[in-house]
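Structural characterization, general
So the chains spell out like this:
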Amino acid sequence: MTPLLPEGAAPLPRRVLAVAAAALVALAGCADMGRVGAPAPSVGATEAGLPAVDAAPVAAVDRQWWRAFGDPQLDRLIEQALQGNPNLQVARARLEKARAAVSATRAAELPQVKGDLQVNRSLYSENYIYPDPLGGSIQNTGLLQLGASWELDFFGKNRAAIEAAVGNARAAQADAEAAQVLLASNVARSYLQWARLVAQRAVAERTLAQREETLRLVRDRVSAGLDTRLELRQSEGGLPEARQQIEALDEQIAIAQHAIDALAARPALAESMTAPALAALQPIPLQPVLPADLLGRRADIAAARWRAEAATHDVDYARKQFYPNVNLTAFVGLQSLGLDNLLKSGSAQWGVGPAVSLPIFEGGRLRANLRAKAADRDAAIESYNAAVFDAVRDVADQVSSIRSIARQQVQQRQAQTAAEGAYEIAVQRYGAGLGNYLNVLAAETAVLAQRRQAVDLAARALDTQVALARALGGGWQGEAGDRQAAATATTSSH
């Protein structure tokens, strides 16, 4: 520490330093931290029900998985949303705040230097310690001083605070990545919902045209005396019903467009876009299995893990508050009575020495803080456990849905083929006078239900693929992303 001393100053005696070091050890041993329980256990891959590590590997999701749909309009939409969505900007702002906290925490490791300039004009008391002629007079005083302090982190308190801040920065980085994945999936799912409604509207328009054709047939039969006005009224009632369904779908399409506008943060954007065709969207090539390395693929799990680690370092920091605080302080400057003497050599002053402080009685504040930090740590660990179980359930749900929807589509296509055939036969028999109109209505109801279900299943198949891509991490870089976040947090702190 000698270089901090001004020229001509003698260093502190070694015996004094030795005594101070011994006192530190003794004081640290006397710290009463109370009782803090062991941390809550964290869930591993086996406890979460993930497959064995040596299970068949599952290909990672592409970072821009939505491009597999083969729709350039969707690609542009997601890119616009990732650039301008306010919620994503909030996540990025929180990341910058966490990085700034790392920089602020690291500052405690470095010497602190400050300058001080004071100029005062004061009346000195005649009845105090000031002799004549100073007592009772008004004088100017000046101080020009440079001070420095350096906290010596003997017990690792500052290091624990830095590790906690870095952990929070890494969690914020993972949160920002998770927000991007969630936003991209929400935009894709809203786009698919729009496509589904457009396809349903096409079914409704086809239904309207089909009922208009049936109405002409009924009118011809009524004119020929083969049917009554009952069949005519029944056929006429199907037209406003079909038009009402088209209007209801138009309302839902408008709402879906508004949702897309909000996600992209661009009003009236969807109105300028071409309505998506559900049949033109290609399926995403994903393997519908539960990967063994799921915990390393999801940014939300990484964020929860980093928060748990940061909370553990917070407990360590709270524990170190019981230990002595050691500072090395020094100052050098000029002080004088009368500003004309301030810059003279005789006004020089300096000082240097260690300062040790230890909390002796603080009413249990430090022990309460330690217990609170331990509770925060346990809560963070349990939040991580909940994130793990939720992630496993999420992927398992999407995998089950994808497999089930594929089987449903096979059965639905067979049912629709049969319903279309039955409807054609019913119309032909009715036109030939071999069947009644009730048979036509029943066959029409069945075929319309199958057409709508075909659209819904096709949309669900694509939507579930989006959900699976998100559940598998959405192309997050995993540990590579963690390393990049750590490097960014470290760089921004200097």
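Residues numbered from 1 in each chain as written. Predicted model: local features only at pLDDT ≥ 70, side-chain atom pairs only at ≥ 80, totals over all residues. Heavy atoms only, no water.

**Examining the confidence of the model for the chain**
Definition in use: The score called pLDDT rates the predictor's confidence residue by residue, from a low of 0 to a high of 100. Runs of H or I in DSSP of at least four residues are treated as helices and runs of E of at least two as strands, each being numbered from the N terminus. Residue contacts are counted whenever heavy atoms from the two residues lie within 4.5 Å of one another.
Per-residue confidence for the chain gives a mean pLDDT of 84; residues scoring 70 or more make up 87%. Element-level pLDDT for the chain is lowest in helix H9 (residues 479-492), with a mean of 47, against a maximum mean of 93 in helix H2 (residues 72-84). Contacts of residues 481-494 to residues separated by more than four positions or lying in other chains number 18 contacts, the stretch itself having pLDDT below 50.

**Regarding the nonpolar core**
Spelled out, the test is: Buried Ala, Val, Leu, Ile, Met, Phe, Trp, Tyr and Cys residues form a nonpolar core when they are joined through side-chain atoms within 4.5 Å. For each residue, the accessible area found with a 1.4 Å probe, counting protein chains only, is set against the maximum for its type, and the residue is called buried under 20%, exposed over 50%, and partly exposed in between.
Ranked by internal contacts, the top residues of the largest apolar core, which has 73 residues, are Trp65, Phe69, Leu77, Ile78 and Trp194. No other element matches helix H4 (residues 157-223), which puts 15 residues into this core. Other than its neighbours up to four places away in sequence, Leu77 contacts Val187, Tyr191, Ile260, Ala264, Leu269 and Met273. Of all hydrophobic cores here, the second largest spans eight residues; its members include Leu95, Ala98, Val102 and Ala172.

**Considerations on empty space enclosed by the protein**
To keep it simple, the criterion reads: A cavity here means a set of points on a 1 Å grid, drawn over the protein atoms and nothing else, where a 1.4 Å probe fits but cannot get out; a pocket is an open set with protein on both sides within 12 Å along at least five of seven lines, and a residue lines either one if it has an atom within 4 Å of a point. Grid points are joined across faces, edges and corners, and a volume is the space filled by probe spheres set on the points. Lys, Arg, Asp and Glu make up the charged group, whereas Ala, Val, Leu, Ile, Met, Phe, Trp, Tyr, Cys and Pro make up the nonpolar group; the residues left over, Gly among them, are polar.
The tally for this structure, following the rule as stated, stands at one cavity of 30 Å³ or more. Computed from the structure, the largest cavity encloses a volume of approximately 80 Å³. Mapped by element, the contributors of at least two residues to the lining of the largest cavity are strand E2 (138-152) and strand E3 (325-337). Split by residue class, the lining of the largest cavity holds six nonpolar, one polar and four charged.

**Some thoughts on the layout of surface pockets**
The volume enclosed by the second largest pocket comes to roughly 250 Å³. Along the wall of the second largest pocket there are 15 residues; nearest its centre are Arg94, Ala171, Ala172, Asp175 and Arg307. Contributing elements (two or more residues each) for the lining of the second largest pocket: helix H3 (86-106), H4 and helix H6 (299-320). At seven residues, the largest contribution of residues to the lining of the second largest pocket is made by H3. For the lining of the second largest pocket, the per-class residue count stands at eight nonpolar, two polar and five charged.

**Considerations on the pattern of salt bridges**
As a reminder of what qualifies: Should a side-chain nitrogen of Lys or Arg be within 4 Å of a carboxyl oxygen of Asp or Glu, the pair is scored as a salt bridge.
Applying the stated rule across the entire model yields 21 salt bridges. Its salt-bridge partner being Asp378, residue Arg377 comes within 3.3 Å of it at the nearest N-O pair. The buried category is assigned to Arg377, whose relative accessible area is 6%. Taking relative accessible area as the criterion, Asp378 reaches 23% and is therefore assigned partly exposed. If you follow the salt bridges from partner to partner, you end up with Arg298, Asp300, Asp394 and Arg470 in one network.

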